[in-house]
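# Observations on chain architecture
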Amino acid sequence: MVDLDFKGKDILSGAQFSRVEIEHVMDVAEEMRQRLEKQRALDIMRGYVLGALFFEPSTRTRLSFETAMLRLGGGVTGFASAGVSSSAKGESLADTIHTVDQYVDVIAMRHPQIGSARIAADVAEAPVINGGDGAGQHPTQALLDLFTIRSERGAVDGNTIVLCGDLKYGRTVHAGVELYKHYDCRLIFVAPDSLRMPAEIVARLREFGVPVEETTDLESALAEATVLYMTRIQKERFDDPAEYARLKGSYVLTRAMVERINPDVTIMHPLPRVDEITPDVDALPGAAYFRQARNGIYTRMALIALVTGAV
Ligand code: NCD
């Protein structure tokens, strides 16, 4: 019997999920989507409070976590930058979490340090949901990405997923591959040499039996893709600004490229984009990135409700 009880669980990494658990989260997210089509908000989490602790910049992740909780009928507190929290006075992460844990029922957190979500989870009684720990993991993004693939393509199995851009520092792709590996998908990684997917991740995927190819050529990969997942070069992770300047603009997807090479491809991006996708792509039917952002609401509603035991 598979244990699908998420109550009290932390959501820290894509690697913690089995295929049945992923499917369950997506099914609950789909139910949330359908319920929100009929009513503006649900009333299943009245009295519950989400602590949204964002020590790093965010638009979609923070606002969609907060909106998700509000649409579940609960309340929200938190901060949007480290500068306005007591970490600016020198408080340790553990102490901040220990304190907020006295106030709230569930914590969503983003922090620049890899492993920070684990530290928070060890301190907090309340479930901790990792909204991004440095270049580490971003499991809620990965789940909403998978939900998007399922809703755009009809199924996750059978896809050729091309991940393009900063695969070294991009936490959305690090979390994503941990989910894709449970499906019958072919993965093609497109990155400049110095921003390739970490070798240990590639080796682990191959060991798991996932067909993985690596290339620097976006056009040849695009020709094979059913899903193209573009990512931003992660400027804030570079020690050397000159290196960032050199790599910025490595891959730019244009409407002409899509129309010429693969008009049926589903185009995704966790956003924010800088210059990886030109704005003229937005009007193509396959441009899914704003629908993907919307799916963040349903997926995060599902996760909040599951870890608090509200569903
Ligand atoms: C991503 C992130 O923060 O890792 N954004 C997001 O959560 N949608 C991607 C990025 O910042 O490039």
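The notes below deal with the structure included here. These numbers were taken from a predicted model, which means no experiment stands behind them. (Residues numbered from 1 in each chain as written. Predicted model: local features only at pLDDT ≥ 70, side-chain atom pairs only at ≥ 80, totals over all residues. Heavy atoms only, no water.)

### So, the overall build of the protein
Defined as follows: Labels follow the DSSP assignment, with helices taken as runs of H or I lasting at least four residues and strands as runs of E lasting at least two, numbered in each case from the N terminus. As defined in this context, the radius of gyration uses C-alpha atoms, and a globule is described by 2.2 Å times the residue total to the power 0.38. Remark: exposure states derive from per-residue accessible area (1.4 Å probe, protein chains only) relative to the maximum for the residue type, with buried under 20%, exposed over 50%, and partly exposed in between. Here a residue-residue contact requires only that any non-hydrogen atoms of the pair lie within 4.5 Å.
Along the backbone of the protein there are 11 helices and nine strands. Over its C-alpha atoms the protein spans a radius of gyration of 19 Å, differing by no more than 12% from the 19 Å that the globule rule assigns to 311 residues. Seen along its three principal axes, the alpha-carbon backbone of the protein occupies a region of about 55 × 45 × 40 Å. Here the protein holds 311 residues, and 54% of them are scored as buried. By sequence separation, contacts in the protein at least 24 residues apart represent 71% of the contacts at least 6 residues apart.

### Concerning helix 2 (residues 60-71)
The following threshold applies: One less than the residue count of a helix, multiplied by 1.5 Å, gives the span that helix is expected to have.
Counted at 1.5 Å a residue, the expected span for helix 2 with its 12 residues is 16 Å, and the 16 Å between its end C-alpha atoms agrees. All buried positions along helix 2 are accounted for by Thr61, Arg62, Ser64, Phe65, Glu66, Ala68 and Met69. Turning to helix 2, the residues buried within the fold contact strand 1 (49-54), strand 2 (75-79), strand 3 (106-111), strand 4 (128-133), helix 5 (139-153) and helix 11 (289-308).

### Description of the site of the ligand
Our working definition: Proximity is defined per residue: any heavy atom of the residue falling within 4 Å of a molecule or strand makes that residue near it. Whenever two N or O atoms come within 3.5 Å, that pair is a polar contact, provided that in protein one can donate a hydrogen and the other can accept it, and provided that, for residues adjacent in sequence, both atoms are side-chain atoms. Accessible areas in this description were obtained via Shrake-Rupley with a 1.4 Å probe; residue shielding takes into account the shown protein chains only. Three residue categories are used. Nonpolar comprises Ala, Val, Leu, Ile, Met, Phe, Trp, Tyr, Cys and Pro, charged comprises Asp, Glu, Lys and Arg, and polar comprises the others, including Gly.
The ligand sits among Thr61, Arg110, His138, Gln141, Arg171, Thr172, Arg232, Gln234, Pro270, Leu271 and Pro272. Here an oxygen atom of the ligand sits 2.8 Å away from a polar atom, N or O, in the side chain of Gln234. Here a nitrogen atom of the ligand sits 2.9 Å away from a polar atom, N or O, in the main chain of Pro270. Notes on the ligand: free accessible area 310 Å², of which the protein chains cover 95%. The class makeup of the residues in the shell around the ligand is three nonpolar, five polar and three charged.

### A word on the sheet that holds strand 9 (residues 266-268)
Stated precisely, the cut-off is as follows: Paired strands, as defined in this entry, are two strands with at least two bridges between them according to DSSP. Axes here mean lines fitted to C-alpha atoms, for a helix over just the part in contact, with angles spanning 0 to 180 degrees between N-to-C directions.
Pairing in this open sheet of five strands is parallel, and the strands run 7-6-5-8-9 from one edge to the other. Because the sheet does not close on itself, it has two edges, and the strands there are strand 7 (212-215) and strand 9. Adjacent strand axes in the sheet meet at a mean angle of 20° when their direction is disregarded. In this structure, strand 6 (residues 186-190) lies alongside strand 7, joined through four bridges in parallel fashion. Counted as the bridge partner of Leu187 is Val212 from strand 7. Against the sheet, helix 6 (residues 171-180) contacts strand 5 (160-164), strand 6 and strand 8 (227-230), and its axis sits at roughly 165° relative to strand 5. Where helix 7 (residues 199-207) meets the sheet, its contacts fall on strand 6 and strand 7, and the angle it forms with strand 7 comes to roughly 150°.

### Some thoughts on the packing of aromatic side chains
Quick reminder of the rule: Two aromatic rings from Phe, Tyr or Trp, using only the six-membered ring of Trp, form a pair when their centres are within 6.5 Å; if the ring planes differ by under 30 degrees the pair is stacked, by over 60 it is edge-to-face, and anything between is tilted. We call a charge positioned above a ring when the Lys NZ or Arg CZ atom is no farther than 6 Å from the ring centre and deviates by at most 35 degrees from the ring normal.
Taken as a whole, this structure holds six aromatic pairs when the rule is applied. Put simply, the rings of Tyr169, Phe238 and Tyr244 pair up and form one aromatic cluster. Sitting over the ring of Phe208, Lys181 keeps its end group 5.0 Å from the ring centre.

### Digging into the sheet that holds strand 1
With parallel pairing, four strands are arranged side by side in an open sheet as 2-1-3-4. With one partner strand each, in any of the chains shown, strand 2 and strand 4 form the two edges of the open sheet. Recorded for the sheet is a direction-independent mean angle of 15° between the axes of neighbouring strands. In the sheet, strand 3 pairs with strand 4 via four bridges, with the strands oriented parallel. Across the sheet, Ala108 pairs through a bridge with Ile129, a residue of strand 4.

### Some thoughts on the nonpolar core
Note the following rule: What we call a nonpolar core is a set of buried Ala, Val, Leu, Ile, Met, Phe, Trp, Tyr and Cys residues that are connected through their side-chain atoms within 4.5 Å.
By size, the foremost hydrophobic cluster in this structure holds 60 residues, and its most contacted members are Leu163 and Phe189. The biggest single contributor to this core is helix 11, with nine residues. Formed by 22 residues, the second largest nonpolar core is a distinct cluster that contains Val162, Ala221, Met230 and Ile267.

### Here we look at the pattern of salt bridges
Should the charged atoms of two oppositely charged side chains come close, the side chains can pair. Basically, it comes down to this: The term salt bridge refers to a pairing of a side-chain nitrogen on Lys or Arg with a carboxyl oxygen on Asp or Glu at a separation within 4 Å.
For the structure shown, the criterion picks out 23 salt bridges. The partner of Arg171 in a salt bridge is Glu56, and the shortest N-O contact between them spans 3.0 Å. Of the two residues, Arg171 sits in helix 6 while Glu56 sits in the loop between strand 1 and helix 2, which places them 115 residues apart along the sequence. Judged by relative accessible area, Glu56 falls into the buried class, the value being 8%. Two residues, Lys181 and Glu178, come together in a salt bridge whose shortest N-O distance is 2.7 Å. Owing to a relative accessible area of 4%, Glu178 belongs among the buried residues under this scheme. Here the salt bridges share partners, and the residues they tie into one network are Glu23, Asp27 and Arg150.

Functional significance is not addressed by these values, which are geometric in nature.
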